There are 6 protein chains.
Amino acid sequence: MSRIDGRTPEQLRPVTIERGWSKHAEGSVLVSFGDTKVLCTASVTEGVPRWRKGSGEGWVTAEYAMLPRATNTRGDRESVKGRIGGRTHEISRLIGRSLRAVIDYKALGENTVVLDCDVLQADGGTRTAAITGAYVALADAVAWAQGRKLVKAGRQPLSGTVSAVSVGIVGGVPLLDLCYEEDVRAETDMNVVCTGDGRFVEVQGTAEATPFARAELDALLDLAVTGCAELAAAQQAALAATRA
Amino acid sequence: MSRIDGRTPEQLRPVTIERGWSKHAEGSVLVSFGDTKVLCTASVTEGVPRWRKGSGEGWVTAEYAMLPRATNTRGDRESVKGRIGGRTHEISRLIGRSLRAVIDYKALGENTVVLDCDVLQADGGTRTAAITGAYVALADAVAWAQGRKLVKAGRQPLSGTVSAVSVGIVGGVPLLDLCYEEDVRAETDMNVVCTGDGRFVEVQGTAEATPFARAELDALLDLAVTGCAELAAAQQAALAATRA
Amino acid sequence: MSRIDGRTPEQLRPVTIERGWSKHAEGSVLVSFGDTKVLCTASVTEGVPRWRKGSGEGWVTAEYAMLPRATNTRGDRESVKGRIGGRTHEISRLIGRSLRAVIDYKALGENTVVLDCDVLQADGGTRTAAITGAYVALADAVAWAQGRKLVKAGRQPLSGTVSAVSVGIVGGVPLLDLCYEEDVRAETDMNVVCTGDGRFVEVQGTAEATPFARAELDALLDLAVTGCAELAAAQQAALAATRA
Amino acid sequence: MSRIDGRTPEQLRPVTIERGWSKHAEGSVLVSFGDTKVLCTASVTEGVPRWRKGSGEGWVTAEYAMLPRATNTRGDRESVKGRIGGRTHEISRLIGRSLRAVIDYKALGENTVVLDCDVLQADGGTRTAAITGAYVALADAVAWAQGRKLVKAGRQPLSGTVSAVSVGIVGGVPLLDLCYEEDVRAETDMNVVCTGDGRFVEVQGTAEATPFARAELDALLDLAVTGCAELAAAQQAALAATRA
Amino acid sequence: MSRIDGRTPEQLRPVTIERGWSKHAEGSVLVSFGDTKVLCTASVTEGVPRWRKGSGEGWVTAEYAMLPRATNTRGDRESVKGRIGGRTHEISRLIGRSLRAVIDYKALGENTVVLDCDVLQADGGTRTAAITGAYVALADAVAWAQGRKLVKAGRQPLSGTVSAVSVGIVGGVPLLDLCYEEDVRAETDMNVVCTGDGRFVEVQGTAEATPFARAELDALLDLAVTGCAELAAAQQAALAATRA
Amino acid sequence: MSRIDGRTPEQLRPVTIERGWSKHAEGSVLVSFGDTKVLCTASVTEGVPRWRKGSGEGWVTAEYAMLPRATNTRGDRESVKGRIGGRTHEISRLIGRSLRAVIDYKALGENTVVLDCDVLQADGGTRTAAITGAYVALADAVAWAQGRKLVKAGRQPLSGTVSAVSVGIVGGVPLLDLCYEEDVRAETDMNVVCTGDGRFVEVQGTAEATPFARAELDALLDLAVTGCAELAAAQQAALAATRA
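Residues numbered from 1 in each chain as written. Chains lettered and ligands numbered in written order. Predicted model: local features only at pLDDT ≥ 70, side-chain atom pairs only at ≥ 80, totals over all residues. Heavy atoms only, no water.

**A few points about the overall build of chain A**
Piece 1. Broken down by element type, chain A carries 6 helices and 9 strands.
Piece 2. With the principal axes as the frame, chain A shows a C-alpha extent of 55 × 40 × 35 Å.
Piece 3. Each of the 244 residues in chain A was classed as buried or not, and the buried ones make up 60%.
Piece 4. Within chain A, residue pairs in contact and separated by at least 24 positions form 69% of the contacts whose partners lie at least 6 positions apart.
Piece 5. Per element, the accessible surface of chain A, about 9200 Å² overall, is 50% carbon and sulfur.
Piece 6. Taken together, the 28 basic and 30 acidic charged side chains of chain A have centroids lying 9 Å from each other. (Helix = DSSP H or I, 4+ residues; strand = E, 2+ residues; numbered from the N terminus. Buried < 20%, exposed > 50% of the residue type's maximum accessible area, 1.4 Å probe, protein only. Contact = heavy atoms within 4.5 Å. Areas by Shrake-Rupley, 256 points an atom, 1.4 Å probe, with all protein chains shown as cover. Lys, Arg positive; Asp, Glu negative; His and termini not counted. Charge placed at Lys NZ, Arg CZ, Asp CG, Glu CD.)

Laid out in structure tokens, this is it:
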């Protein structure tokens with residue numbers, strides 16, 4: 001059985017990670033998972049939020065948003081509505097937690113990194129693309145901070161790598177990296193965030209139509225672990241390349 | 001090894017489900033998981049939101065909130081701040097999705113049920129207590145609607161039952177139904193929502209401190225399934241009792 | 001002539017004052033005036049708002065709110081609407097002023113007490129029940145602060161006691177402590193806050209349908225003074241009892 | 001004993017009521033109580049709010065606001081803060097209730113009158129000046145509506161007149177119509193709204209410093225009734241004059 | 001060809017500038033351009049916004065607003081809507097920039113002047129009347145600050161004068177100082193802010209219906225320069241007069 | 001004298017106009033003026049806002065925003081702040097007016113086009129790049145609507161073309177198309193919007209430091225007209241090319 005776009009069930013969409021996209025940000029990546037395109041920027045500032053001052057520890061946080069016409073139908077701007085929706089909040093929090101999982105706050109010192117993930121075009125998997133791209137932007141920003149001696153010599157603020165992928169059951173078949181059309185038809189939908197050594201940072205599975213059995217959950221987790229490993233390799237390849 | 005409150009790792013806190021707590025609501029439950037107390041009311045209104053009109057299908061939604069002094073330190077009211085926080089949004093959405101998983105929209109007809117889950121006292125597991133209590137309030141509200149003939153005769157809007165529990169790894173040991181003190185020390189924290197027949201509606205696991213391995217995830221899922229089954233039994237017992 | 005619920009015109013509804021309702025708050029009371037139930041918590045924090053710093057004087061403030069289904073028809077949450085309504089503001093301010101009337105700021109020292117009055121179930125008289133309950137929660141919080149030596153030895157921050165009751169003219173007859181059904185039919189409605197020694201802290205009378213004469217106003221004030229005295233006795237009895 | 005500005009205790013400040021102040025509004029009045037100046041406009045629109053449609057009855061509502069530099073120290077604009085304060089809400093509601101007390105909704109028919117009371121300069125008693133001025137603007141607006149045949153012939157939408165004044169106890173002496181300096185030093189402060197025939201629409205008394213006794217309350221009510229009668233006479237004189 | 005109100009194309013409406021309108025503000029002016037009436041107050045406070053502290057330089061800012069019934073149809077209050085509209089923002093910014101153009105920040109020292117321009121009645125040209133009036137209020141406020149020695153002796157914070165006027169093309173004819181009826185029919189509309197020596201501070205021209213040619217732009221600029229000069233003379237006359 | 005980036009005073013930065021950037025939008029353009037990059041999408045929906053229904057005429061509106069790290073220092077998101085700033089409002093309104101100047105509403109019929117201009121990277125001139133790019137996106141969207149027969153055959157909704165450029169005086173020299181560094185040092189700054197036939201749609205000149213003379217204004221207008229003509233040629237070239 002082949003998928004809408006001809007992939008096999010365990011195949012990722014084409015992934016591109018373009019570093020140095022922005023002239024201003026300390027780290028910036030345009031990541032694409034197929035037609036999903038997310039601009040991830042990492043902004044470094046000296047100092048930390050008030051509640052953390054004097055701790056000697058840094059902070060990493062994230063904000064996620066979509067351009068109004070990133071989707072098939074134009075959505076109202078949250079700035080115009082005057083409030084951030086639940087979905088946006090939820091995804092921003094997920095991205096922040098995911099990246100903090102690989103940060104050594106002590107090594108980062110009292111610096112803050114804000115990751116902005118703005119979806120320019122959406123075709124499913126925007127949050128997983130955002131996490132995967134944001135990690136690379138974060139790595140570049142950390143290197144920048146090291147170059148500027150904001151981070152103490154000999155300290156490595158990154159304790160690992162992190163990537164994310166969606167998986168789901170569509171028509172009874174577990175699929176890796178759902179595009180939008182698959183996502184809306186999925187019976188079960190799961191987002192999985194893994195470290196480069198194959199452990200879990202987040203597992204979020206939702207029964208969209210019918211509850212799912214343990215065996216289905218296991219199959220989805222298997223798929224996700226493989227997908228995250230492939231994405232980790234793509235991240236490493238991007239970081240190994242000389243920046244344009 | 002015994003827990004802070006003397007429980008074994010696989011033991012729930014004392015659970016109480018008090019039906020008919022409110023004079024006004026069509027269904028209302030004061031649920032407690034130990035010192036966590038949540039007032040769940042189910043409000044039935046004829047009609048559905050605009051986007052669903054004419055579909056012949058009903059709708060179920062939920063709102064979660066905490067009283068300012070439900071916690072050890074007083075929190076600012078979200079009404080005073082003028083915006084709902086990310087955590088509140090996230091939990092409200094989780095409760096809504098969980099209960100919609102056992103609703104047959106066609107059988108419900110064009111009626112809306114709003115579940116309000118207000119935490120009167122918090123000691124960990126407020127969202128899981130809310131889901132577990134809200135199911136019972138929903139069942140009472142559906143029965144009320146059937147009594148009023150709002151629901152067509154011979155139709156059963158509830159396609160199953162749903163309960164939820166938190167699990168986590170504390171000091172390397174998987175524990176069921178974390179109280180607040182355990183929750184803040186947990187290395188990994190997971191909320192699991194199951195149907196009465198043991199399938200999953202939601203699985204949300206988060207590495208608070210260190211990423212977790214597949215074996216740990218499996219152990220947590222095992223614990224959660226048992227806990228949800230016990231809670232399902234408590235729900236059935238409460239619903240079987242004659243309401244005060 | 002007997003009332004809807006069988007009371008005489010000058011009779012209060014059954015009043016209960018349950019202390020120590022919350023595990024976390026320094027003072028907490030579940031107060032009921034018939035079917036009206038309000039959870040009042042008193043939260044003590046060291047320090048005062050910025051505009052009062054260095055004055056050596058304390059501060060007391062209050063916030064009032066209703067759960068969405070406290071009433072017969074579900075109301076929208078003010079946190080969801082993003083703004084607090086005029087009625088909520090007005091009652092919060094009334095409760096704060098009423099309790100500040102019996103506070104000796106100097107004796108309280110630079111401590112703040114926030115009174116949260118959340119209506120769990122409404123059947124008329126929610127603001128008067130809130131004031132009456134909040135006084136008891138405040139007294140417990142003050143005692144707690146004295147036990148912790150936050151308040152200087154030999155100082156008594158409470159300069160008196162305060163209670164409140166509604167009165168109104170229904171069908172030409174002055175009635176004490178209106179329930180909801182009476183309240184909506186009242187020609188004139190008045191809320192009166194008295195100290196334990198029978199003086200007035202607040203008098204708020206409103207002609208709902210027709211303007212009222214001086215004689216009617218006098219009759220209502222007479223009723224209210226008696227009701228407040230009874231409530232003061234109930235407060236003292238509650239405070240005299242050993243807390244559960 | 002003479003007052004700050006040389007008045008006797010039972011003397012009003014100079015009152016002026018200037019009709020036809022605005023070119024656009026159906027009724028408009030610049031009212032002054034001494035240095036307190038309020039611009040009151042009455043705007044008539046055909047139709048009523050949704051919840052009142054088809055009832056055959058009209059509606060009257062009010063909004064109160066202060067220019068930022070109406071007071072001695074500049075206040076932040078509520079439009080800039082993005083929310084209306086409790087005091088503004090409370091006064092808007094008071095003005096609306098006061099004027100609705102003399103409206104015959106049936107006679108008004110399905111028309112709405114909005115009263116805007118904007119304080120241009122404040123020196124105590126802004127809400128009472130607003131009510132007193134708004135009545136005159138309302139009378140002009142009603143006459144305008146009658147002239148346009150929006151109101152059925154032979155119907156009189158105004159069932160009476162309404163005026164308001166503040167009273168208070170300063171240094172133990174009951175005073176009529178407090179200016180700002182008196183207001184801040186008052187032990188007790190009361191706003192009273194009366195109809196032209198001497199009955200009460202609103203009585204709002206507050207103990208600012210010490211609770212007040214029944215005898216004090218009675219003395220204040222006596223003063224207020226006299227003051228409101230004088231203001232009613234001033235309103236009648238203004239309405240009798242040919243508009244400039 | 002004569003205009004709606006009988007003026008010639010290059011004629012201003014009657015202009016009045018009434019100083020000392022408010023008892024509280026350091027400078028205050030009621031300015032009228034025909035039926036357009038704007039109350040401009042200048043409030044002086046010692047100190048500057050945080051981002052300017054320690055610079056030795058002052059700050060001037062402005063806020064513009066309209067009373068709800070300043071216009072022919074009542075508009076909703078921005079405080080009630082909870083947000084400031086684009087037009088309000090735009091005009092507030094224009095007024096602030098215009099007045100800052102004639103301020104010597106060093107000479108002003110670390111003081112802030114806030115200019116509040118509240119439109120009491122609107123008939124076209126509210127922003128230009130506001131700038132013209134605000135300049136006079138600012139001059140009075142600066143003089144007040146000099147009298148109080150807030151400004152160092154021998155320093156003149158005002159480096160010039162500023163006034164503003166609207167011009168437009170109506171029916172093919174360039175007109176000075178449009179009233180509302182002309183404004184709505186204008187093909188092109190321009191607001192011009194000039195210093196007393198005839199140079200430009202702001203030029204904002206908009207094609208309402210059809211794009212305009214360079215020759216039309218030139219004709220409008222010519223008219224505007226003449227109008228601003230007349231207004232500058234009126235400002236000087238007002239400032240020369242002894243304040244009432 | 002050469003400029004920071006080596007240009008002559010009357011030279012534009014390199015301009016690129018990339019059509020068809022987005023998979024979803026009816027028209028989409030990534031426009032760059034040097035390092036300023038703006039993504040412009042045009043969204044077509046059938047129907048018009050309520051106030052325009054039944055008129056037979058269409059509507060065009062625009063929203064402008066900046067990604068938080070489009071600039072050198074990260075700015076807070078307006079969605080997070082809960083309100084749109086004055087600058088954003090002002091530019092959105094300018095873009096909307098500029099494009100409406102070349103729309104024949106009758107020919108467009110009751111369709112709405114929303115132009116979203118999101119600045120991905122900012123280096124001066126974001127509003128002029130937005131207008132220039134939005135025109136091309138609008139042209140593509142109109143062609144799309146014609147292809148779908150949303151627009152009546154034989155009607156051309158575009159009555160002309162529109163482009164925009166900034167000009168300013170830096171160090172006494174009039175310059176075309178300011179980059180950010182020039183913009184912050186400009187004594188005078190002007191944005192000019194022209195139609196393809198060289199007439200003006202908007203002229204907005206501001207004295208940043210010192211007022212400017214008529215001769216300077218004239219020189220700036222001359223420069224702007226030339227720049228807009230060059231941009232109009234670039235737009236035509238882009239539209240003539242076969243879309244990728």
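**Details of the sheet that holds strand 6 (residues 162-170) of chain D**
Piece 1. Strand order in the open sheet formed by 8 strands is 7(C)-6(C)-8(C)-9(C)-9(D)-8(D)-6(D)-7(D), and the pairing between neighbours is antiparallel. Where the open sheet ends on each side, the last strands, each with one partner, are strand 7 (173-176) of chain C together with strand 7 (173-176) of chain D. Averaged over all pairs of adjacent strands, the angle between strand axes in this sheet comes to 15°, irrespective of strand direction.
Piece 2. Packed on one face of the sheet, helix 2 (residues 86-100) of chain C meets strand 6 (162-170), strand 8 (188-195) and strand 9 (200-207) of chain C together with strand 9 (200-207) of chain D and runs near 150° to strand 9 of chain C.
Piece 3. Along the sheet, helix 6 (residues 214-240) of chain D contacts strand 9 of chain C together with strand 6, strand 7, strand 8 (188-195) and strand 9 of chain D; its crossing angle with strand 6 of chain D, the most-contacted strand, is approximately 145°. (Pairing = 2+ DSSP bridges. Axes fitted to C-alpha atoms, helices over the stretch in contact; angles between N-to-C directions.)

**Re the sheet that holds strand 2 (residues 27-33) of chain D**
All names here are of chain D.
Piece 1. With mixed pairing, the 5 strands of this open sheet are ordered in space as 1-2-3-5-4. Either end of the sheet is taken by a strand with one partner, and the two such strands are strand 1 (15-19) and strand 4 (59-66). Across the sheet, the axes of successive neighbouring strands diverge by a mean angle of 15°, strand direction being ignored.
Piece 2. Sheet analysis places strand 3 (residues 36-46) next to strand 5 (residues 111-121), joined by 10 bridges and oriented antiparallel. When the bridges of strand 5 are listed, valine 44 appears paired with valine 113.
Piece 3. Taken strand by strand, helix 2 (residues 86-100) contacts strand 4 and strand 5, and its axis lies near 145° from that of strand 4.

**Regarding the UniProt feature "domain: Exoribonuclease phosphorolytic" (unreviewed entry) in chain A**
Residues and elements named next belong to chain A.
Piece 1. The feature "domain: Exoribonuclease phosphorolytic" (unreviewed entry), as annotated in UniProt, sits at residues 11-141 and 161-226 in this numbering.
Piece 2. Here residues 11-141 runs as 30% helix and 32% strand, with 30 Å between its end C-alpha atoms.
Piece 3. Taken end to end, residues 161-226 has its terminal C-alpha atoms 15 Å apart, with 29% of it in helix and 44% in strand. (UniProt positions renumbered as here; feature names shortened; annotations may be inferred.)

**Let's talk about the environment of D:Gly47**
All names here are of chain D.
Piece 1. As for its placement among the helices and strands, glycine 47 is situated in the loop between strand 3 and strand 4.
Piece 2. In this structure, the C-alpha to C-alpha distance between glycine 47 and valine 113, residues 66 residues apart in sequence, is 9.8 Å.
Piece 3. Residues within four places of glycine 47 in sequence aside, it is in contact with Glu110, Asn111 and Thr112.

**Examining the side chain of B:Arg3**
Residues and elements named next belong to chain B.
Piece 1. Its location among the elements puts arginine 3 in the segment before strand 1 (15-19).
Piece 2. A distance of 3.3 Å separates a polar side-chain atom of arginine 3 from the backbone oxygen of aspartate 177.
Piece 3. Beyond its immediate stretch of four places on either side in the chain, arginine 3 contacts Thr8, Pro9, Gln11, Leu175, Leu176, Asp177, Leu178 and Glu182. (Polar contact = N/O pair within 3.5 Å; in protein donor to acceptor, adjacent residues only side chain to side chain.)

**Focus: the UniProt feature "binding site: phosphate" (unreviewed entry) in chain A**
Residues and elements named next belong to chain A.
Piece 1. Using the residue numbers shown here, the UniProt feature "binding site: phosphate" (unreviewed entry) corresponds to Arg87, Gly125, Thr126 and Arg127. Spatial clustering of the annotated residues is evident: they stretch over 41 residues in sequence, but the largest pairwise C-alpha distance comes to 13.5 Å.
Piece 2. Tracing the sequence through the fold places threonine 126 in helix 4 (residues 126-147).
Piece 3. The residue arginine 127 is located in helix 4 in this model.
Piece 4. Overall, the relative accessible area of 19% leaves arginine 127 in the buried class.
Piece 5. Apart from the residues within four sequence positions on either side, arginine 127 is in contact with Tyr64, Arg87, Ile91, Leu94, Asn191 and Gln204.

**Here we look at helix 4 (residues 126-147) of chain B**
All names here are of chain B.
Piece 1. An ideal rise of 1.5 Å per residue puts 32 Å on 22 residues; helix 4 measures up with 31 Å between its terminal C-alpha atoms.
Piece 2. Within helix 4, 18 of the 22 residues are buried, which leaves it mostly tucked inside the rest of the structure.
Piece 3. Immediately beyond the C-terminal end of helix 4, within one or two residues, lies lysine 149, with a positive phi of roughly 65°. (Expected span 1.5 Å × (residues − 1).)

**Some words on the interface of chain B and chain C**
Piece 1. Counting residues at the interface gives 36 residues for chain B and 36 residues for chain C.
Piece 2. Note on chain B versus chain C: buried area summed over both sides is about 3000 Å², and carbon and sulfur give 50% of it.
Piece 3. If you sort the residues of chain B by the area they bury against chain C, B:His24, B:Arg69 and B:Arg77 come out on top, with a joint share of 24%.
Piece 4. If you look at where chain B meets chain C, you find 16 salt bridges.
Piece 5. A salt bridge links C:Arg69 to B:Glu26; the nearest nitrogen and oxygen atoms lie 2.7 Å apart.
Piece 6. Within the residue set of the side of chain B that touches chain C, elements represented by two or more residues are strand 3 (36-46), strand 4 (59-66), helix 1 (78-81) and strand 5 (111-121) of chain B.
Piece 7. Looking at the side of chain B that touches chain C residue by residue, the class counts come to 15 nonpolar, 9 polar and 12 charged. (Buried area = accessible area lost by both parts, 1.4 Å probe. Salt bridge = Lys/Arg side-chain N within 4 Å of Asp/Glu carboxyl O. Nonpolar A, V, L, I, M, F, W, Y, C, P; charged D, E, K, R; others polar.)

**Notes on the relation of the copies chain B and chain C**
For the pair of chain copies, the relating operation is a rotation around an axis with a shift along it.
Piece 1. Mapping chain B onto chain C calls for a screw motion: a turn of 180° about the axis and a shift of 0.0 Å along it, with 0.0 Å RMSD after fitting. With respect to symmetry, the two chain copies, as superposed, fit the operation of a two-fold axis. Residue B:Ser79, judged by its C-alpha, is the member of chain B lying nearest the rotation axis, at 1.8 Å.
Piece 2. Here 100% of the interface residues in chain B have copies in chain C that are interface residues too; the copies meet face to matching face. (Least-squares fit on C-alpha atoms with pLDDT ≥ 70 in both.)

**A look at the packing of helix 6 (residues 214-240) of chain A against helix 6 (residues 214-240) of chain B**
Piece 1. Remark: helix 6 of chain A packs on helix 6 of chain B, axes separated minimally by 13 Å, with the N-to-C direction vectors making an angle of 160°. One finds that helix 6 of chain A runs roughly antiparallel with respect to helix 6 of chain B. Handedness of the crossing formed by helix 6 of chain A with helix 6 of chain B: right-handed. Where helix 6 of chain A abuts helix 6 of chain B, its residues A:Arg214, A:Leu217, A:Asp218, A:Leu221 and A:Asp222 lie against B:Arg214, B:Leu217, B:Asp218, B:Leu221 and B:Asp222. (Parallel < 35°, antiparallel > 145°, perpendicular 65-115°, else oblique. Left-handed = near helix turned anticlockwise from the far one by under 90°.)

**Points about the arrangement of the chains**
Piece 1. Contact between chain A and chain D is absent, and the minimum C-alpha spacing across the pair is 11 Å.
Piece 2. Where chain C comes nearest to chain F, the C-alpha atoms are still 11 Å apart, and the two do not contact one another.

**Considering the relation of the copies chain F and chain A**
Piece 1. After a rotation of 180° and a shift along the axis of 0.0 Å, chain F superposes on chain A with an RMSD of 0.0 Å.
Piece 2. Both copies present the same face, since 100% of the interface residues in chain F are matched by interface residues at the equivalent positions in chain A.

**Topic: the state of the cysteines**
Chemically, a disulfide is nothing more than a covalent bond linking the sulfur atoms of two cysteines.
All names here are of chain B.
Piece 1. Scanning the entire structure with this criterion turns up 0 disulfides over all chains.
Piece 2. Cysteine cysteine 179 is unpaired, with the sulfur of cysteine 228 as its nearest cysteine sulfur at 18 Å.
Piece 3. For cysteine 179, a relative accessible area of 7% corresponds to the buried category.
Piece 4. Cysteine 194 takes part in no disulfide bond, and the closest cysteine sulfur, belonging to cysteine 228, lies 3.9 Å away. (Disulfide = S-S within 2.5 Å.)

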